[in-house]
Amino acid sequence: MFLYFVQSQWKLEISRVVLVAYGLLMVLVSQDPIFLLAGALLLVVAEIDRREFRIPDVITKPGIFVLVIWLHKNISLLFLVGLWFALMYLLTAALPKILGRGDVKLVGFLLLSNGYFHVAPDLRFLFSLIFLASLFALPEALFTKVRARTAHFPFGPSIGAAWIVLVGAAIS
């Protein structure tokens, strides 16, 4: 029901077959309701980013807000997330075409989720997430560069896939 609402809200066109297959795969990985909710949100983020080259703040900012409040005692994680935002916002200000700010917020949100899942130490989780997302994005980046002769491609789907692999492997 949630994904049907989201599809109508953002005029997404995700087929029922894809939704059922994705849902079954997610449930086979874990029945943790937070993991399943995050997986559903990541599917929506990936589809929006794929179509519009943007990640809506209405998804990432409330998630960041809730997790910061919930994890308020985890000072080291909050410091790392703050450092991530500061460095990435400076980088995107200096080189605006290198990475979208929606991607920065998505990584920050998913880094905060490590406070719930405890997949790995926070810094290792961040590096693993970025490395795996870059690995997943490499074929799309090369294909886009050759096909469209542009460097722009959606990075959100790769970030989401990397998070699902990292967290799914740790909690299953």
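Draft legend 1. A look at the pattern of salt bridges. Tallying each qualifying case throughout the model produces four salt bridges. Two residues, Arg50 and Glu47, come together in a salt bridge whose shortest N-O distance is 2.5 Å. With Arg50 and Glu47 both in helix H3 (residues 33–52) and three residues apart, this pair spans about one turn of that helix. Looking at Arg50, the relative accessible area reads 46%, which means it is partly exposed. The partner of Asp57 in a salt bridge is Lys105, and the shortest N-O contact between them spans 2.6 Å. On the criterion of sequence distance, the pair formed by Asp57 in helix H4 (residues 57–70) and Lys105 in helix H6 (residues 101–117) is long-range, its members being 48 residues apart. Exposure remark for Asp57: the relative accessible area of 33% places this residue in the partly exposed category. Judged by relative accessible area, Lys105 falls into the buried class, the value being 10%. Through salt bridges that share partners, Asp57, Lys61 and Lys105 make up one connected network.

Draft legend 2. Structural view of H3. Look at H3: 28 Å from first C-alpha to last across 20 residues, which is about the 28 Å you get at 1.5 Å a residue. Within the span of H3, buried status applies to Phe35, Ala38, Gly39, Ala40, Leu42, Leu43, Val44, Val45, Ala46, Glu47, Ile48 and Asp49. For H3, the side-chain oxygen to backbone nitrogen distance between the N-cap and Ile34 is 2.8 Å, and the N-cap itself is Asp32. Following H3 by one or two positions, Phe53 adopts a phi angle in the positive range, close to 55°.

Draft legend 3. Quick peek at the packing of H4 against H6. Their axes nearest at 9 Å, the elements H4 and H6 cross at an angle of 35°. As H4 runs across H6, the sense of the crossing is left-handed. Contacts between H4 and H6 pair Asp57, Thr60, Lys61, Gly63, Ile64, Leu67, Val68 and Trp70 from the former with Lys105, Leu106, Phe109, Leu112, Ser113 and Tyr116 from the latter. Split into classes, the residues belonging to the contact of H4 with H6 amount to eight nonpolar, three polar and three charged.

Draft legend 4. Quick peek at the packing of aromatic side chains. Throughout the structure, instances matching the rule amount to six aromatic pairs. Between Phe35 and Trp163, the aromatic rings sit 5.7 Å apart at their centres with planes inclined by 20°, giving stacked as the arrangement. A residue pair is termed long-range when its members are at least 10 positions apart, and Phe35 in helix H3 and Trp163 in helix H8 (residues 156–171) qualify at 128 residues. Like Trp163, Phe35 is buried. A network of ring pairs unites the aromatic residues Phe35, Trp70, Tyr116, Phe117 and Trp163 as a single cluster.

Draft legend 5. A look at the side chain of Ser113. With respect to the secondary-structure elements, Ser113 resides in helix H6. Not counting residues within four places of it along the chain, the set of residues in contact with Ser113 comprises Leu67 and Trp163.

Draft legend 6. Molecular detail of a nonpolar patch on the surface. Together, Phe131, Leu135, Phe136 and Val165 make up an exposed nonpolar region whose accessible area comes to about 370 Å². Considering every element that reaches the nonpolar patch, the biggest residue donor is helix H7 (residues 122–148), with three residues. Relative to the helices and strands, Phe131 is located in helix H7.

Draft legend 7. The arrangement of unusual backbone geometry in detail. Within the chain, Phe53 stands out as a residue other than glycine whose phi angle is a positive 55°. One can find Phe53 in the loop between H3 and H4. Residues other than glycine seldom take positive phi values, yet His118 does so here, at roughly 50°. Considering the arrangement of structural elements, one finds His118 in the loop between H6 and H7.

Cut-offs used in this document
Every chain's residues receive numbers from 1 upward, in the order its sequence appears when written. Per-residue local features are limited, in this predicted model, to residues with pLDDT of at least 70; the limit for side-chain atom pairs, both in listing and counting, is 80 or more; totals at the level of whole chains, interfaces and linings are taken over all residues. Computation of side-chain values: all heavy atoms of the structure, hydrogens and water removed. Salt bridge, as used here, is a side-chain nitrogen of Lys or Arg placed within 4 Å of a carboxyl oxygen of Asp or Glu. Numbered from the N terminus, helices here are DSSP runs of H or I no shorter than four residues, and strands are runs of E no shorter than two. Three exposure classes are used, based on accessible area relative to the maximum for each residue type with a 1.4 Å probe and protein chains only: buried under 20%, partly exposed in between, and exposed over 50%. Multiplying 1.5 Å by the helix residue count minus one yields the expected span of that helix. We call two N or O atoms a polar contact when they sit within 3.5 Å, provided that within protein one can donate a hydrogen and the other can accept it, with sequence-adjacent residues counted only if both atoms are side-chain atoms. Between the N-to-C directions of two axes lies an angle of 0 to 180 degrees, each axis being a line fitted to C-alpha atoms and, for a helix, fitted only over the stretch in contact. Each crossing gets its hand from how the near helix is turned against the far one by less than a right angle, where anticlockwise is left-handed and clockwise is right-handed. Two residues form a contact once any of their heavy atoms are found within 4.5 Å. Note on residue categories: nonpolar means Ala, Val, Leu, Ile, Met, Phe, Trp, Tyr, Cys or Pro, charged means Asp, Glu, Lys or Arg, and polar means any other residue, Gly included. Here a Phe, Tyr or Trp ring, Trp counted by its six-membered ring, pairs with any other such ring whose centre lies within 6.5 Å, and the pair is stacked when the planes are under 30 degrees apart, edge-to-face when over 60, and tilted otherwise. Candidates for patches are residues over 30% relative accessible area with no salt bridge; among them, like charges are joined within 9 Å and nonpolar side chains (Val, Leu, Ile, Met, Phe, Trp, Tyr) within 5 Å. Per-residue and other accessible areas were derived by the Shrake-Rupley procedure at a 1.4 Å probe size, with only the shown protein chains allowed to occlude residues.

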